[in-house]
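Given next are the chains, with one letter for each unit.
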Amino acid sequence: MRTHRVDVLVVGGGAAGMAAAASAAREGAKTLLVEEGSRLGGVLDQCIHPGFGLHRYREELTGPEFAHRLREDLRGADVWTGQSLLEVEPGRPRARTVGAAGLVEIAAKAVVWAAGARERPLGALRVPGTRPAGIFVAGLAQRLVNIHGLLPGRRALVVGSGDIGLIMARRLHLEGVEVTGVVEIRPYPGGLLRNVVQCLDDFGIPLLLSHTVVEVHGRGRLSGVTLAEVDGSGIPRPETGRFVEVDTLIISVGLVPEVEGIPFAPRDPATGGLAASTRLQTPVPWLFAAGNCLAPFDLVDTVATLGERAGTAAARYARRGLSPAPTVALGRGPGVAVLVPSFLVPGEEVTLYLRASLPLAQARVTVGPDGFGRVVRGVRPAEMIEVRLSPEETKALARSRNVTVEVTTLR
Ligand SMILES: Cc1cc2nc3c(=O)[nH]c(=O)nc-3n(C[C@H](O)[C@H](O)[C@H](O)COP(=O)(O)OP(=O)(O)OC[C@H]3O[C@@H](n4cnc5c(N)ncnc54)[C@H](O)[C@@H]3O)c2cc1C
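Residues numbered from 1 in each chain as written. Predicted model: local features only at pLDDT ≥ 70, side-chain atom pairs only at ≥ 80, totals over all residues. Heavy atoms only, no water.

## Digging into unusual backbone geometry
Among all residues save glycine, negative phi is the norm, and among peptide bonds the norm is trans.
Here is step 1 of the chain: The linkage connecting Val-340 with the following residue, Pro-341, adopts the cis geometry, with an omega of 0°.
Here is step 2 of the chain: Tracing the backbone shows Pro-341 in the loop between β23 (336-340) and β24 (343-344).
Here is step 3 of the chain: Despite not being glycine, Ser-210 shows a phi value in the positive range, around 55°.
Here is step 4 of the chain: Residue placement: Ser-210 occurs in the loop between β15 (207-209) and β16 (211-217).
Here is step 5 of the chain: Even without glycine at this site, Leu-280 takes up a positive phi of about 65°.
Here is step 6 of the chain: Relative to the assigned elements, Leu-280 resides in the loop between β20 (255-257) and β21 (287-289).
Here is step 7 of the chain: For Leu-280, a relative accessible area of 3% gives the class buried. (Helix = DSSP H or I, 4+ residues; strand = E, 2+ residues; numbered from the N terminus. Buried < 20%, exposed > 50% of the residue type's maximum accessible area, 1.4 Å probe, protein only.)

## A few points about the domain arrangement of the protein
Here is step 1 of the chain: According to the domain assignment, the protein consists of domain 1 (1-119 + 255-324), domain 2 (122-253) and domain 3 (325-411).
Here is step 2 of the chain: Between domain 2 and domain 3, the contact holds six residues from the first and seven residues from the second.
Here is step 3 of the chain: Both faces combined, the contact of domain 2 with domain 3 buries some 470 Å², and carbon together with sulfur accounts for 58% of it.
Here is step 4 of the chain: If you sort the residues of domain 2 by the area they bury against domain 3, Tyr-188, Leu-192 and Leu-193 come out on top, with a joint share of 71%.
Here is step 5 of the chain: Its residues placed into classes, the side of domain 2 that touches domain 3 shows four nonpolar, two polar and no charged. (Domains from an automatic or database assignment. Contact = heavy atoms within 4.5 Å. Buried area = accessible area lost by both parts, 1.4 Å probe. Nonpolar A, V, L, I, M, F, W, Y, C, P; charged D, E, K, R; others polar.)

So this is what it looks like as structure tokens:
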């Protein structure tokens, strides 16, 4: 096996990886980005709707346009597409890769993990019934329609009202598929309010809250599903079951951070995402992380910013081999479903990205015993809350062993 030597290896060529590779190269590091797909862009390439880049470029771009801008910045980094990372060694930054460049071992000084997230499949829902053709995760359906020009079916139901499900409901409708509805187990939609309005309300697509699919029917091809209402604990009420005739079921029930190939890297127990500090450094000092492999982010602008930060930190680590800065662990307290990062560096400014467990009209985000944080109106689990703490505040938090972050309702 051939060995290729670099300073910084970036795994994944989506928004996070491209931003990381560009910033590592700008820092003067010999940088290599490996992407298993045939093109750079990651999920952006199939997101042909607008809504990207408002923060970063102050323009409303489509996903491919946003990806194009990041690709333009990539000068200075080497890029291998069609090359998959198989595994990274636990004890040192050496990785085995396979693909268009052959079987290549990459010896790096630092690694940035930016492998994105994968979709939860129907199996994760444990729905009984047959497994006929016609059941797709939303990202696959999006790829079929937007990249390959193929329709997955004629009459569809979407399970899950997160942004991806909402966007796919609209996309299929615009392509002439009869979308019978979007089913959501929770009593509130999972996606951004603007997407509920622009993707469902504007096209008369029904949103069925507190409903789920309880059975799949069909041999060969899907013939329909049974829907039922759920009670307050999410348990289906069998007496409400009704058959809906569809030939296509689109599953959009969440993303799981992609961490295959680095089983030794510590993860957040709630999300399975990589645990990293505000510098995007994991407890494995040479391993940095950015993007949806930390936790699924709403906005690509945030993903690109974190990618840049991770790339810069990895390049500096590769140059100086610094040991990690002392960190304070951040814990999820009541009301917090997702929290990035997992550690803060005392004395350095930090932006916390968190998702609340429940929608709240007005809430207070509290960080640590001194009650740093802020009041937020209109809290929705679909929308990440950003809380910035000053260097003085993070320095004060160093006095505590563990710092918890809480979201509590304000009446
Ligand atoms: C349907 C949809 C709609 C969205 N709409 C918006 C929107 O309107 N506005 C907005 O700002 N954001 C939106 N987002 C969010 C945003 O696009 C994503 O959060 C962001 O693009 C994720 O970037 P990433 O680099 O973390 O992951 P990805 O884009 O998933 O990139 C990860 C890359 O890593 C590669 N990879 C994985 N494993 C390996 C391996 N072992 N070896 C080599 N390569 C590997 C993958 O092939 C992939 O290219 C949307 C996302 C989706 C899915």
